[in-house]
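Residues per chain, in single letters:
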Amino acid sequence: MHSAVLVDEAGNPSAIVRAVAAALGAAAAAVALTLLLRNGSATALGRAILLVLALGGANYAAGVLVWHGAPAHRLRVGGWAAMMCALLVPTSLSLALPVVALLALTLRTARP
């Protein structure tokens, strides 16, 4: 039995879940961009990780906000995969890995 707060009648994540997921993706992008712009002494690997995290968060958030259609699904999956890859590299940012893993609940194709 699904709660109406989490899942709508079609089995898609509810508007509340999608809003929270989009906010988390945008927050990941904002944190990564802030760290990227403020830390001038970061290594090339550190900059690459932050850039991948920022782009992934932005793509994921855009895909969640659009939600319907194949392009939105590709944005969600690609953005989520980019965030996961960036967070799999052992850094202090890896502590966010469980939160990003939970966002996988929004990766299924949207039902009409």
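Scope of this entry: the structure provided in the associated data block. (Residues numbered from 1 in each chain as written. Predicted model: local features only at pLDDT ≥ 70, side-chain atom pairs only at ≥ 80, totals over all residues. Heavy atoms only, no water.)

1. Focus on unusual backbone geometry
Test applied: Secondary structure elements are defined from DSSP: runs of H or I of at least 4 residues count as helices, runs of E of at least 2 residues count as strands, and each element is numbered from the N terminus.
We note that W67 has phi near 65°; this positive angle belongs to a residue other than glycine. Within the fold, W67 resides in the loop between helix 2 (44-66) and helix 3 (70-88).

2. A short note on the packing of helix 1 (residues 15-38) against helix 2
Spelled out, the test is: The convention used is that axes are lines fitted to C-alpha atoms, helices contributing only their stretch in contact, and that angles between N-to-C directions extend from 0 to 180 degrees. In what follows, roughly perpendicular refers to angles from 65 to 115 degrees, roughly parallel to angles under 35, roughly antiparallel to angles over 145, and oblique to any angle outside these ranges. When the near helix sits turned anticlockwise from the far one by under a right angle, the crossing is termed left-handed; a clockwise turn instead gives a right-handed crossing. Any pair of residues with heavy atoms lying within 4.5 Å of one another is described as a contacting pair.
Remark: helix 1 packs on helix 2, axes separated minimally by 8 Å, with the N-to-C direction vectors making an angle of 155°. On the basis of the axis angle, helix 1 is roughly antiparallel to helix 2. The chirality of how helix 1 crosses helix 2 is left-handed. Counted together, R18, A21, A22, G25, A26, A28, A29, A32, L33, L35 and L36 of helix 1 and R47, L50, L51, L53, A54, G57, A58, Y60, A61, V64 and L65 of helix 2 form the full contact between these two elements.

3. Thoughts on the packing of aromatic side chains
Our working definition: The rule is short: rings of Phe, Tyr and Trp, with Trp giving its six-membered ring, pair when the centres are within 6.5 Å, and they are stacked under 30 degrees, edge-to-face over 60, tilted in between. The rule is short: NZ of Lys or CZ of Arg within 6 Å of the ring centre and within 35 degrees of the ring normal puts a charge over the ring.
Throughout the structure, instances matching the rule amount to 0 aromatic pairs. It is R18 that lies over the ring of W67; its NZ or CZ is 5.2 Å from the centre. Above the ring of W67, the side-chain terminus of R76 is found at 4.0 Å from the ring centroid.

4. What to know about helix 3
As a reminder of what qualifies: Multiplying 1.5 Å by the helix residue count minus one yields the expected span of that helix. Here's how the labels work: a residue is buried when its accessible area is under 20% of the maximum for its type, exposed when over 50%, partly exposed in between, all with a 1.4 Å probe on protein chains only.
With 19 residues, helix 3 extends 27 Å between its outermost C-alpha atoms, agreeing within 8% with the 27 Å of an ideal straight helix rising 1.5 Å per residue. Of all the residues in helix 3, the buried ones are A72, R76, G79, W80, A82, M83, M84, A86 and L87. Summarising the contacts, the buried residues of helix 3 are in contact with helix 1, helix 2 and helix 4 (97-102).

5. Overview of the packing of helix 2 against helix 3
Packed helix pairs are specified by the crossing angle of their axes together with the interaxial distance, meaning the distance between the axes. Rules: The nonpolar class holds Ala, Val, Leu, Ile, Met, Phe, Trp, Tyr, Cys and Pro. Asp, Glu, Lys and Arg form the charged class, and all remaining residues, Gly among them, are polar.
Orientation of helix 2 relative to helix 3, taken along the N-to-C sense of each, is 150°, at an axis distance of 7 Å. When the axis of helix 2 is compared with that of helix 3, the two are roughly antiparallel. In this structure, helix 2 crosses over helix 3, and the sense of that crossing is left-handed. Where helix 2 abuts helix 3, its residues I49, V52, L53, G56, G57, N59, Y60, A62, G63, V64 and V66 lie against A72, L75, R76, G79, W80, A82, M83, A86 and L87. When the residues that make up the contact of helix 2 with helix 3 are grouped by side-chain class, the tally is 14 nonpolar, 5 polar and 1 charged.

6. Thoughts on the layout of surface pockets
What counts here: For cavity detection a 1 Å grid was placed over the protein atoms alone, and a set of points counts as a cavity when a 1.4 Å probe fits there but cannot get out; an open set counts as a pocket when protein lies on both sides within 12 Å along at least five of seven lines, with lining residues being those that have an atom within 4 Å of a point. Grid points are joined across faces, edges and corners, and a volume is the space filled by probe spheres set on the points.
Here the largest pocket is characterised by a volume of approximately 260 Å³. In terms of lining residues, the largest pocket is bounded by 15 residues, among which P13, V17, L102, L105 and T106 are the most central. For the lining of the largest pocket, the secondary-structure elements that each account for two or more residues are helix 1 and helix 4. Its residues assigned to classes, the lining of the largest pocket shows 11 nonpolar, 3 polar and 1 charged. Elements represented by at least two residues in the lining of the second largest pocket include exactly helix 1 and helix 4. The element contributing the most residues to the lining of the second largest pocket is helix 1, with 4 residues. Per-class residue counts for the lining of the second largest pocket are 11 nonpolar, no polar and no charged.

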